[in-house]
Amino acid sequence: QKEVEQDPGPLSVPEGAIVSLNCTYSNSAFQYFMWYRQYSRKGPELLMYTYSSGNKEDGRFTAQVDKSSKYISLFIRDSQPSDSATYLCAMSATAGANSKLTFGKGITLSVRP
Amino acid sequence: NAGVTQTPKFQVLKTGQSMTLQCAQDMNHNSMYWYRQDPGMGLRLIYYSASEGTTDKGEVPNGYNVSRLNKREFSLRLESAAPSQTSVYFCASSRHSGSGANVLTFGAGSRLTVL
């Protein structure tokens, strides 16, 4: 079992839809959880991060962590064509520069106008 | 404020040739990283440098060498390129948030093809 599993997609939704992107993980030591967004032919950029369990909201985006189920989600409300990108989850067990980040493989989202 | 700058953006090599990918950051970050991204494989860490003067192997270091030239610059060298090294290479640097998460800032990537 891979440490981090992410639905491979791709995912296509109409504009205005609510999108749910998910990752599962096997390492119970993970406590830092991040979502990166990567536009085509660009580098990933941090979208949101959370520490331990709970929810975090930023505009149309909500990150949710359920450590008991080893499951994290990113919700996008009122999705826009500009949200079309690849979304990667990432997580680590420790803090600091030496912490090893484990990435999911990414899911490509397309929002149709 | 440029962030993380990688050169070259594109490169085609023949098997056995050598080359160096350059990376520079202007955010005064201590830590720098090299990743490769392949279809179906996600991002995999090649090497990292937690601070100036130190380098460590990541998940897939074979066939690569790195140099942390100074705080700003971190280069990746392929001594004898192989077709398996065809990939998109990303350099990143990191700050530490108040919660301690290792937040990475990535460059735009370098697309390497080895024939």
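The text that follows walks through the structure, step by step, so that each part is easy to find. Bear in mind the structure is a predicted one, so any value in this text is a computation, not a measurement. (Residues numbered from 1 in each chain as written. Chains lettered and ligands numbered in written order. Predicted model: local features only at pLDDT ≥ 70, side-chain atom pairs only at ≥ 80, totals over all residues. Heavy atoms only, no water.)

Quick look at the overall build of chain A
Rules: Counting from the N terminus, the helices are DSSP H or I runs at least four residues long and the strands are E runs at least two residues long. Taken over C-alpha atoms, the radius of gyration is set against a globule rule of 2.2 Å times the number of residues to the power 0.38. Burial classes follow relative accessibility: with a 1.4 Å probe on protein chains only, a residue under 20% of its type's maximum area counts as buried, one over 50% as exposed, and anything between as partly exposed. Contacts between residues were defined by any pair of non-hydrogen atoms, one from each residue, lying within 4.5 Å.
Looking only at helices and strands, chain A features zero helices and 11 strands. Ordered by position from the N terminus, the helices and strands of chain A form the series β-β-β-β-β-β-β-β-β-β-β. The C-alpha radius of gyration computed for chain A amounts to 14 Å, which stays within 12% of the reference 13 Å derived for 113 residues, consistent with globular compactness. Over its C-alpha atoms, taken along the principal directions, chain A stretches across nearly 40 × 30 × 25 Å. For chain A, with 113 residues in total, the buried portion stands at 46%. Put simply, 55% of the contacts in chain A that link residues at least 6 apart link residues at least 24 apart.

What to know about unusual backbone geometry
Across the junction of B:Thr7 and B:Pro8, the peptide omega takes the value -10 degrees, indicating a cis bond. Within the chain, A:Ser52 stands out as a residue other than glycine whose phi angle is a positive 60 degrees. Within the secondary structure, A:Ser52 sits in the loop between β5 (45–51) and β6 (54–58). Residues other than glycine seldom take positive phi values, yet A:Asp78 does so here, at roughly 45 degrees. Note on placement: A:Asp78 falls in the loop between β8 (71–76) and β9 (85–92).

A short note on the pattern of salt bridges
Residues and elements named next belong to chain B. The following threshold applies: What makes a salt bridge here is a side-chain nitrogen of Lys or Arg within 4 Å of a carboxyl oxygen of Asp or Glu, nothing more.
Per the stated rule, a full pass over the model turns up seven salt bridges over all chains. Note that Arg 44 and Asp 38 form a salt bridge whose closest N and O atoms lie 2.9 Å from each other. Neither Arg 44 nor Asp 38 differs from the other in exposure class; each is buried. Shared partners join several salt bridges into a network, and the residues in it are Arg 36, Asp 38 and Arg 44.

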